[in-house]
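# Summary of the model geometry
Each chain, letter by letter, is given below.
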Amino acid sequence: MAEVRKPIPVEEAISHVWDHRLNGKAEFVSINDCDNRRLAEDIVAKHPVPPFPKSPYDGFALRSEDTLEADRDNPMTFEVVEHIGAGQLPEKRLHKGQATRIMTGAKIPEDADCIAMFEICQVHEQDNRSFMSVKRTIASGQNIIEKGSEVADGEKLINRGTLISPGTKAVLATFGYSQVKVAKKPVIGVIATGTELLDVDEELKPGKIRNSNAYMITSQIIRAGAEYKYFGKLEDELKTSYETIKQALNEVDILITTGGVSVGDFDLMPAIYEKLDADVLFNKVAMRPGSVTTVAAAGGKLLYGLSGNPSACYVGFELFARPAIQYYLFNQTPFLRRIKAILANDFPKPNPFTRFVRSYITYENGRVNANLAGIDKSNVVTSLAHSNSLMILPGGTRGFKAGDEVEAMLLNDQQGQSEFLLE
Ligand SMILES: Nc1nc2c(c(=O)[nH]1)N[C@H]1C(S)=C(S)[C@@H](COP(=O)(O)OP(=O)(O)OC[C@H]3O[C@@H](n4cnc5c(N)ncnc54)[C@H](O)[C@@H]3O)O[C@H]1N2
Ligand code: MOO
Ligand SMILES: [Mg+2]
């Protein structure tokens, strides 16, 4: 008789993975290569921003006290004693009745305390000297960007684990990070098992199918921010499979295999875990698809035995491997973000297991809808192409109707959440 496995709840399975999660490492990369990497340190301001008081406008720097009596009928005239653009340093401090012609971004001259934009000034030349006048009072501090007004020296700006975006890069460049300390990408080994598997460039043959899982998983690994190492596909033969897996484990941080984890005569992974003396954390989870998902620990590394069925394989990766990768990358919100959505389809048949239904989210007049992405069977591959989320239908005795509120996990989201909890 086939072995009977006892399913454990999804949360429990995740907590077993969490107990064995790997700590990440850091490396330096050029700022040119840091896009979509995660920071391995907090970013702290190395100097005030701006580092000097500067003008936000093209205009004239003045002493505000000299404008106190200016009005429409009484223009105040100033002699323009210097002319500076951004990057040039003012050399003259202003005395009574003097102005500096100043461009956006240039340092404010000593004793100037306000800027009059060109648009409110009149200019004229007399005896080869330049003058300007204003017809209104300008307050002290008006149109001055003070030193440190944006950021004080030493202020913490960005948390470790943040995904580097164009905005993050702007901050890194501002503080001179030509080399950026980022999380090292864990190397995830991938092996597809199954005598039935053909390569992607092979013609179909009777009884055989093309290996889609390897391509799917390597793509999920890239989406998760890790690096993959593909060791090819294996026939269901114990000796070579064992040797390849043992060798592969030495070369990676985490190893993912697909197929061969159930109770079939050619499902070799249970025997391989035994031969490896691996600690099987679980091999049956109360979820659909992916109930056969197996995770084992060996030599300080995690081995994921994902199902051969494509949708089960996909879901197993997203639930159990992706958060562990995110943790390795210092992401402080390593779990897939969950949102509330309105179910667009009926699911009348109850299921004792928690279902993670391939779905796509649409937005309609402020309402978030979760739509079924296609046939929702474990052995199906095509619905994966249309999925941007997994809706969570809790296990139990009731079915679900269109209009019910459900939770959905977002697959393309980068924000994440700090905990995995099912209701
Ligand atoms: N008696 C039982 N039979 C099965 C059980 C069970 O509890 N008792 N569980 C079923 C469930 S649930 C699933 S899911 C599958 C899991 O099977 P395995 O993980 O052992 O995977 P395989 O047997 O190797 O393959 C299953 C299926 O997937 C296809 N496959 C495999 N690899 C790939 C690949 N790389 N690309 C595309 N498709 C692949 C394979 O051809 C099979 O059709 O077991 C049930 N059985
Ligand atoms: O492991 Mo299976 O995916 O529940 O059909
Ligand atoms: Mg099988």
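Residues numbered from 1 in each chain as written. Chains lettered and ligands numbered in written order. Predicted model: local features only at pLDDT ≥ 70, side-chain atom pairs only at ≥ 80, totals over all residues. Heavy atoms only, no water.

Let us look at the site of ligand 1. Taken together, the neighbourhood of ligand 1 is formed by 23 residues, with Glu196, Asn211, Gly260, Ser262 and Gly308 sitting nearest. At 2.6 Å, a side-chain N or O of Glu196 approaches an oxygen atom of ligand 1. Backbone polar atom of Ser262 to an oxygen atom of ligand 1: 3.0 Å apart, as the coordinates give it. Out of a free accessible area of 880 Å², ligand 1 has 68% covered by protein chains. Elements with a contribution of two residues or more to the shell around ligand 1: strand S11 (187-193) and strand S13 (209-210). Of the residues contributing to the shell around ligand 1, the split by class is six nonpolar, 13 polar and four charged. (Near = heavy atom within 4 Å. Polar contact = N/O pair within 3.5 Å; in protein donor to acceptor, adjacent residues only side chain to side chain. Areas by Shrake-Rupley, 256 points an atom, 1.4 Å probe, with all protein chains shown as cover. Helix = DSSP H or I, 4+ residues; strand = E, 2+ residues; numbered from the N terminus. Nonpolar A, V, L, I, M, F, W, Y, C, P; charged D, E, K, R; others polar.)

For the rest of this paragraph, the subject is empty space enclosed by the protein. Here the structure, examined in full by the defined rule, presents three cavities of 30 Å³ or more. Every residue lining the largest cavity is counted, 15 residues in all, and those nearest its centre are Arg322, Gln326, Asn331, Leu336 and Asp413. Here the lining of the largest cavity is composed, by residue class, of four nonpolar, six polar and five charged. Within this model, the second largest cavity holds a volume of roughly 40 Å³. The residue makeup of the lining of the second largest cavity, split by class, is four nonpolar, four polar and two charged. (1 Å grid on protein atoms, 1.4 Å probe; cavity = no way out; pocket = protein on both sides within 12 Å on 5 of 7 lines; lining within 4 Å. Points joined across faces, edges and corners; volume = space filled by probe spheres on them.)

For the rest of this paragraph, the subject is the site of ligand 2. Looking at ligand 2, the residues that line it are Arg288, Pro289, Gly290, Ser291, Val292, Ala312 and Ser378. In the model, an oxygen atom of ligand 2 is placed 2.7 Å from a nitrogen or oxygen of the Gly290 main chain. At 2.7 Å from an oxygen atom of ligand 2 is found a main-chain nitrogen or oxygen belonging to Ser291.

Annotation of the protein chain at the domain level lists domain 1 (10-25 + 186-328), domain 2 (28-49 + 158-183), domain 3 (59-134) and domain 4 (338-410). Centre-to-centre separation of domain 1 and domain 3, based on C-alpha positions: 71 Å. (Domains from an automatic or database assignment.)

Looking now at the packing of helix H4 (residues 238-251) against helix H5 (residues 269-276). Between H4 and H5, the least distance of the axes is 10 Å, while the angle of their chain directions is 55 degrees. With respect to each other, H4 and H5 are oriented oblique. Pair H4 / H5 crosses with right-handed handedness. Listed contacts from H5 to Leu238, Ser241, Tyr242, Ile245, Lys246 and Leu249 of H4 are Met269, Ala271, Ile272, Lys275 and Leu276. The residue inventory of the contact of H4 with H5, partitioned by class, reads eight nonpolar, one polar and two charged. (Axes fitted to C-alpha atoms, helices over the stretch in contact; angles between N-to-C directions. Parallel < 35°, antiparallel > 145°, perpendicular 65-115°, else oblique. Left-handed = near helix turned anticlockwise from the far one by under 90°. Contact = heavy atoms within 4.5 Å.)

It is worth spelling out the confidence of the model for the protein chain at this point. Looking at the protein chain as a whole, its pLDDT mean stands at 97, while 100% of the residues score no less than 70. As scored by the predictor, the complex reaches a pTM of 0.94 and an ipTM of 0.98. (pLDDT = per-residue confidence, 0-100.)

Take the packing of aromatic side chains next. If you walk through the whole model with that rule in mind, you get five aromatic pairs. Measuring from ring centre to ring centre gives 4.8 Å for Trp18 and Phe335, while their planes differ by 40 degrees; the resulting arrangement is tilted. On the criterion of sequence distance, the pair formed by Trp18 in helix H1 (residues 10-19) and Phe335 in the loop between helix H6 (310-328) and strand S20 (338-343) is long-range, its members being 317 residues apart. Considered together, Trp18 and Phe335 belong to a single accessibility category, that of buried residues. By way of ring pairs, the aromatic residues Trp18, Tyr327, Phe335 and Phe420 are connected into one cluster. The positively charged end of Lys46 is found above the aromatic ring belonging to Tyr177, 4.1 Å away from the centroid. Sitting over the face of the ring of Phe420, Arg338 holds its NZ or CZ atom 5.2 Å from the ring centroid. (Phe/Tyr/Trp six-rings, centres within 6.5 Å; stacked < 30°, edge-to-face > 60°. Buried < 20%, exposed > 50% of the residue type's maximum accessible area, 1.4 Å probe, protein only. Lys NZ or Arg CZ within 6 Å of the ring centre and 35° of its normal.)

In the first shell of the magnesium ion (ligand 3), the protein supplies Asp267 (OD) and Asp267 (OD), at 2.4 to 2.5 Å from the metal. Assignment of secondary structure puts Asp267 in the loop between strand S15 (254-258) and H5. (Donors = N, O, S within 2.8 Å, 3.2 Å for Na, K, Ca; no water.)

Attention shifts here to the UniProt feature "domain: MoaB/Mog" (unreviewed entry) in the protein chain. Summarizing the sequence annotation, UniProt attributes the feature "domain: MoaB/Mog" (unreviewed entry) to residues 189-327 in the numbering used throughout. Summarising residues 189-327: 37% helix, 28% strand, and an end-to-end C-alpha distance of 18 Å. (UniProt positions renumbered as here; feature names shortened; annotations may be inferred.)

A few words now on the sheet that holds strand S7 (residues 121-126). Read across the sheet, six strands follow the order S6-S3-S5-S4-S8-S7 without closing on themselves; strand pairing throughout is mixed. One side of each edge strand has no neighbouring strand; the edge strands of this open sheet are strand S6 (114-117) and S7. If you compare each strand with its neighbour and ignore which way they point, the axes differ by 40 degrees on average. Taken together, the six bridges between S7 and strand S8 (residues 129-134) define a ladder with antiparallel strand orientation. Bridging from a neighbouring strand, Cys121 pairs with Val134 of S8. (Pairing = 2+ DSSP bridges.)

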